Amino acid sequence: MTTMLATTPAASPCCPPPTEDSSTTEGTGWSRQDVLDLFQLPFNDLLHRAHETHRRHFDPNRIQLSTLINIKTGGCQEDCKYCSQSAKYDTGLGAGKLIERAEIKAAAEAAKSAGADRFCMGAAWRELKDRDVGRMLEIIGDVKSLGLETCMTLGMLTATQARALKDGGLDYYNHNLDTSEEFYGEVVTSRSYQDRLDTLATVRDAGIKVCCGGIVGMGEGRADRAGLLQTLANLEPPPESVPINLLVPIKGTPLGDVEALDVFEYIRTIAVARILMPKSYVRLSAGRRSLSDEAQALCYFAGANSIFYGDRLLTTGNPDHEKDQVLFAELGLTAVG
Ligand code: SAM
Ligand code: DTB
Ligand code: SF4
């Protein structure tokens, strides 16, 4: 049985409504050194600044909840070194077909009754094929009819496809830059950073909101984490939604044995993302199951205000929604929906 998370109808008294940022150091045009300087602040100073920024733009006690479903599993031709779904690696995951419309609708209904406000659908594709656009539009219509926001991540898109998805009611498109431009070639060779930026521009031009972030803990350096956030923050406008994935190491992939990232570095990454993108939703994404409650609480303090909510991500696990409900109650957090 699923239970709803409590929602808050109005901002809590401690928190003024979002206002324009008066700080001269916030805005576009961040240099790599600016970003590294933030990473290098003493932890308390960084968290204080991030939390202060967060409070200026959001109610710090409200969290956006997105539930994820994999609508097409495995068999992907790309070589992303972190991914369980690449056909290039022996991860023990077979290639599935696009799942049935009714199954997707039922999963969306369950997500809504558990308290999610957005339903995110992922497909292990390099790019969307024209022959699948009609089925995506049916699915978007079904999910929208439940009163949920829709998000899809289907690989590269053409401008015509993006316009069709927008006209069909798609609210968000997820397409991650994953890491810095410099480190990207260490992680993916079957497409370029510019391919990713081009799709993001196509999505933006079609009027779809952008969900774009990356992965930390892939063996990159702090300069790469800074580079990723710098690129995201300097997009005009920055993405509305910024998922910060912590690598889930997958056996059989080239990154299956990478040493785990220090948890404070993950929290720092969240804090820096909040300062650089004060109006964006910053999401604790993959890897949340490996974070303690205390680490998650620090992430929320540092400005994370969105999570993947539900027992599974695409092919790996996520904290059970009952566990999130307990943590939310302990911390006095409520859902935005
Ligand atoms: N195929 C599409 C694409 O690559 O854009 C959509 C699905 S893809 C799995 C979505 C994102 O999930 C990737 O861009 C990556 O950032 C993230 N991801 C995939 N595997 C991951 C892992 N093992 N750990 C952390 N994040 C991961
Ligand atoms: C995103 O940034 N993270 C999600 C979603 N966008 C599609 C995917 C996480 C995948 C984690 C590994 C897996 O479950 O396969
Ligand atoms: Fe394919 Fe996306 Fe996985 Fe890369 S991340 S292998 S594009 S499913």
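The model shown is predicted, which means the values in this text are computed figures rather than measured ones. (Residues numbered from 1 in each chain as written. Chains lettered and ligands numbered in written order. Predicted model: local features only at pLDDT ≥ 70, side-chain atom pairs only at ≥ 80, totals over all residues. Heavy atoms only, no water.)

**Details of the site of ligand 1**
Okay, so step 1: Around ligand 1, the structure places 17 residues, and the nearest of them are Thr-153, Asn-176, Asp-178, Arg-196 and Val-248.
Okay, so step 2: Within the backbone of Tyr-82, one N or O atom sits 3.1 Å away from a nitrogen atom of ligand 1.
Okay, so step 3: Backbone polar atom of Ala-123 to a nitrogen atom of ligand 1: 3.3 Å apart, as the coordinates give it.
Okay, so step 4: Look at ligand 1: alone it shows 550 Å² of surface, and the protein chains cover 90% of it. (Near = heavy atom within 4 Å. Polar contact = N/O pair within 3.5 Å; in protein donor to acceptor, adjacent residues only side chain to side chain. Areas by Shrake-Rupley, 256 points an atom, 1.4 Å probe, with all protein chains shown as cover.)

**Observations regarding the pairing of strand β1 (residues 62-72)**
Side chains on a regular strand alternate between the two faces of the sheet.
Okay, so step 1: In terms of burial, β1 is largely enclosed, as 11 of its 11 residues are buried.
Okay, so step 2: Here two bridges tie β1 to strand β10 (residues 334-335), and the two strands are oriented parallel to one another. Residue pairing in the sheet places Arg-62 in a bridge with Thr-334 of β10.
Okay, so step 3: Where β1 and strand β9 (residues 306-308) come together, three bridges link them in parallel fashion. Bridge pairing in β9 links Gln-64 to Ser-306.
Okay, so step 4: Both β1 and strand β2 (residues 118-123) contribute to a ladder of six bridges, which runs parallel. Looking at the pairing, Thr-67 lines up with Phe-119 of β2. (Buried < 20%, exposed > 50% of the residue type's maximum accessible area, 1.4 Å probe, protein only. Helix = DSSP H or I, 4+ residues; strand = E, 2+ residues; numbered from the N terminus. Pairing = 2+ DSSP bridges.)

**Examining the site of ligand 2**
Okay, so step 1: Taken together, 13 residues lie near ligand 2, and Asn-176, Asn-245, Leu-314, Thr-315 and Thr-316 sit nearest.
Okay, so step 2: The side chain of Asn-245 places a nitrogen or oxygen atom 2.8 Å from an oxygen atom of ligand 2.
Okay, so step 3: Within the contact set of ligand 2, an oxygen atom lies 2.5 Å away from a side-chain nitrogen or oxygen of Thr-315.
Okay, so step 4: Here ligand 2 has 410 Å² of accessible area as a free molecule, and 87% of this is covered by the chains.

**Section: the packing of aromatic side chains**
Okay, so step 1: Per the counting criterion, the structure on display carries four aromatic pairs.
Okay, so step 2: Seen from their ring centres, Phe-43 and Phe-264 are 5.4 Å apart, and the 80° between their planes marks the pair as edge-to-face. With a gap of 221 residues between them, Phe-43 in helix α2 (residues 43-57) and Phe-264 in helix α9 (residues 263-276) connect regions that are remote in the sequence.
Okay, so step 3: With 4.9 Å between their ring centres and 65° between their planes, Phe-58 and Tyr-281 make a pair best called edge-to-face. Here the residue Phe-58 occupies a position in the loop between α2 and β1, and Tyr-281 occupies one in strand β8 (residues 281-284), the gap between them amounting to 223 residues. (Phe/Tyr/Trp six-rings, centres within 6.5 Å; stacked < 30°, edge-to-face > 60°.)

**Regarding the pattern of salt bridges**
Okay, so step 1: In total, this model carries 15 salt bridges according to the counting rule given.
Okay, so step 2: Between Glu-182 and Arg-32 there is a salt bridge, and its shortest N-O distance comes to 3.1 Å. Pair noted here: Glu-182 is in helix α6 (residues 181-187) and Arg-32 is in helix α1 (residues 32-39), with a separation of 150 residues, a long-range link.
Okay, so step 3: Overall, Glu-182 belongs to the exposed group, its relative accessible area being 53%.
Okay, so step 4: Between Asp-171 and Lys-144 there is a salt bridge, with the nearest N and O atoms lying 3.0 Å from each other. (Salt bridge = Lys/Arg side-chain N within 4 Å of Asp/Glu carboxyl O.)

**Quick notes on α1**
Okay, so step 1: Within α1, the full set of buried residues consists of Val-35, Leu-36, Leu-38 and Phe-39. Taken end-on, α1 shows its buried residues confined to a sector of 155°, consistent with a single buried face. (Arc of directions from axis to C-beta.)

**Here's the deal with unusual backbone geometry**
Okay, so step 1: In the segment running from Glu-236 into Pro-237, the intervening peptide bond is cis, with an omega of -5°.
Okay, so step 2: Of note, Pro-237 is situated in the loop between α8 (222-233) and β7 (241-246).
Okay, so step 3: A positive phi angle, near 70°, is found at Asp-178, a position not held by glycine.
Okay, so step 4: Structurally, Asp-178 can be placed in the loop between β4 (172-174) and α6.

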